[in-house]
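# Close look at the chain arrangement
Spelled out from the first residue to the last, the chains are:
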Amino acid sequence: MFLSALTLAGLLLQGQQPDGPIRVDTLLTRDGSQARLFIERNETPMLQPKKGPKRFGENKVQFEFEWLTRGTVIVHTNGQHDLRMRVYSQERKPENDAAHAVTRMMLRLWDMNYRRVHLDQPPNSLGYQILNVFITWGGKAGGEQFFGPDFEGKTRVTANTIYFYDLASFTDPLEMAREVAHEYGHATLPPIGGYKEREDWANGYLGEKLYLTWIRDVLAQGLLLPEDFMGVKKEQLDPWIAANVDPLVLKTAEKPPTMGTLADRTAKGMDAYLGLALYAAQILPENVFARSLKLTGSQNARDYPGAIFLALEEPDEVPITIPDILKGKAIWLPTGKGFVTGAKVLAIENGWTKVQTGSDPIVIRTKRV
């Protein structure tokens, strides 16, 4: 279908003047909820190609992008389509179009963020929560995210920007999904940084590990399809998660990181933070995990344990989910000022309680009856 009047009004409010006919594809849901994610794709090249903000080579060349794919969402009761991502590309394919696939996955990730951890994309300097994505044939294979200068029409802005380089290498479904999840994590998750190894910021690695775990789970439940995530299948994600997520969760459950470890700026310190965040995501209800991310209040990993403790204090009780890899084990649970019911307590130390998991439901309570 083509743009409705309400969709067009929403784009115009956000400074978007469509170039020619635009096809709109609705991303359907399988959980009974109303569809609210849409791919709006230019059917003809833009009259004025978009120049990417980055400059390359000795001559500082700006690549030009003729094709535009928009990701829009419904967040208001009036049904208006609000723009969340513009994906610029240098080609348009009738089938297996890379820009279409990237937009589709990013819309699903936006929805996961919005529903599960109550995060929207950070606004640019004009207040629009828009992510600009550039898919280019040039550059070294991989991706990059940054907040930097760009233009909305003739107005200079600080934009949230992602580049995916070397389109010809963008073929393996698992690697494509991992790369999109990594860069989307940089663009949307709270930044914890100051690292000297791997990358400055940990939110990219948190994004790939957190999102790919969520994706594996929704694929296993049949709620979404591989086509929603660059074609990656559950059978490909299972061994990746076993190798890249489960060991970090296990290590945290068996021995929570110390403040000294969290202060480490090497890969060891980053892994300690990632393990703690991934562990919290797996054992805590989504609303409590979401609050822990928001309550961190800084870019320092040492503040994250305290944020978890604060998040645990807000409800009277917090049911704990024990993932399969931890069932039957003695594990440490974050409890802060609370206490555990439903499991034998083995030790208590610095806001953490060691318990023996069993068949009974485990609950962290903040008030004694």
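One can find the structure itself at the top, above this paragraph.
Since the structure is predicted, the reported quantities are computational estimates derived from the model, not experimental observations. (Residues numbered from 1 in each chain as written. Predicted model: local features only at pLDDT ≥ 70, side-chain atom pairs only at ≥ 80, totals over all residues. Heavy atoms only, no water.)

For the rest of this paragraph, the subject is the overall build of the chain. Counting its secondary structure elements, the chain contains 10 helices and 15 strands. Computed over its C-alpha atoms, the radius of gyration of the chain comes to 22 Å, within 12% of the 21 Å expected for a compact globule of 369 residues. With the C-alpha coordinates of the chain rotated into their principal frame, the extents come out at 70 × 50 × 40 Å. For the chain, with 369 residues in total, the buried portion stands at 52%. Charge centroids of the chain, computed over 43 positive and 44 negative side chains, lie 4 Å from each other. (Helix = DSSP H or I, 4+ residues; strand = E, 2+ residues; numbered from the N terminus. Rg over C-alpha atoms; globule rule 2.2 N^0.38 Å. Buried < 20%, exposed > 50% of the residue type's maximum accessible area, 1.4 Å probe, protein only. Lys, Arg positive; Asp, Glu negative; His and termini not counted. Charge placed at Lys NZ, Arg CZ, Asp CG, Glu CD.)

Attention shifts here to the packing of helix H9 (residues 286-295) against helix H10 (residues 304-313). Two numbers describe a pair of packed helices, the interaxial angle and the distance between the axes. The N-to-C vectors of H9 and H10 enclose an angle of 135°; their axes lie 8 Å apart at closest approach. Judged on the interaxial angle alone, H10 and H9 are oblique. Taken as a pair, H9 and H10 cross one another with a handedness that is right-handed. Listed contacts from H10 to Val-288, Phe-289, Arg-291, Ser-292, Leu-293 and Leu-295 of H9 are Tyr-304, Ala-307, Ile-308, Leu-310, Ala-311 and Leu-312. For the contact of H9 with H10, the per-class residue count stands at 10 nonpolar, 1 polar and 1 charged. (Axes fitted to C-alpha atoms, helices over the stretch in contact; angles between N-to-C directions. Parallel < 35°, antiparallel > 145°, perpendicular 65-115°, else oblique. Left-handed = near helix turned anticlockwise from the far one by under 90°. Contact = heavy atoms within 4.5 Å. Nonpolar A, V, L, I, M, F, W, Y, C, P; charged D, E, K, R; others polar.)

Okay, the pattern of salt bridges next. Here the structure, examined in full by the defined rule, presents 22 salt bridges. Ionic pairing is found between Arg-92 and Asp-97, a salt bridge with its closest N-O pair at 3.1 Å. Using a relative accessible area of 18% as the deciding quantity, one classes Arg-92 as buried. For Asp-97, a relative accessible area of 5% gives the class buried. For Asp-228, the salt bridge goes to Arg-108, with nearest N and O atoms at 2.9 Å. With Asp-228 in the loop between helix H4 (203-220) and helix H5 (234-244) and Arg-108 in helix H2 (residues 98-116), this pair connects stretches of sequence that are 120 residues apart. The burial state of Asp-228 is the same as that of Arg-108; both residues are buried. Look at the salt bridges and you will find they share partners, linking Glu-175, Arg-178, Glu-179 and Glu-208 into a network. (Salt bridge = Lys/Arg side-chain N within 4 Å of Asp/Glu carboxyl O.)

With that settled, consider H10. Each α-helix turn comprises 3.6 residues. Residues three or four places apart therefore point the same way. Most of H10 is tucked away: 7 of the 10 residues are buried. Within H10 the residues assigned to the buried category are Tyr-304, Pro-305, Ala-307, Ile-308, Phe-309, Ala-311 and Leu-312.

With that out of the way, let us pick up the sheet that holds strand E6 (residues 82-89). Two strands in a sheet stick together by hydrogen bonds in their backbones, pointing the same way (parallel) or opposite ways (antiparallel). Strand order in the open sheet formed by 7 strands is E1-E2-E5-E6-E7-E9-E8, with mixed pairing between adjacent strands. Of all strands in the sheet, those with a lone pairing partner are strand E1 (22-27) and strand E8 (142-152), marking the two edges. On average, each strand axis in the sheet is tilted by 25° relative to the strand beside it, whichever way the strands run. Relative to strand E5 (residues 67-73), strand E2 (residues 37-42) is paired through 5 bridges, and the arrangement is antiparallel. Its bridge partner lying in E5, Glu-40 is registered against Arg-70. Across the sheet, H2 is in contact with E1, E2, E5, E6, strand E7 (131-135) and strand E9 (155-165); its angle to E2 comes to roughly 155°. On the sheet, helix H3 (residues 173-188) packs against E6, E7, E8 and E9 and is oriented at approximately 45° with respect to E8. (Pairing = 2+ DSSP bridges.)

Moving on: unusual backbone geometry. For Lys-60, which is not glycine, the phi dihedral falls at a positive 55°. Not every positive phi belongs to a glycine, and Met-230 is a case in point at roughly 65°. Its location among the elements puts Met-230 in the loop between H4 and H5.

Here we take up the pairing of strand E13 (residues 344-349). As defined by bridge partners, E13 adjoins strand E14 (residues 352-356) across 5 bridges and the pair is classed as antiparallel. Each bridged residue has a counterpart across the sheet, and for Ile-348 the counterpart in E14 is Thr-353. Hairpin connection, E13 to E14: the antiparallel pair is bridged by 2 residues, and Asn-350 has positive phi, about 50°.

Quick look at the environment of Gly-143 now. For Gly-143, the position within the fold is in strand E8. Measuring from C-alpha to C-alpha, the distance between Gly-143 and Leu-206 comes to 15 Å, with 63 residues separating the pair along the chain. When residues no more than four places from it in sequence are discounted, the contact partners of Gly-143 are Tyr-163, Phe-164, Glu-179 and Glu-183.

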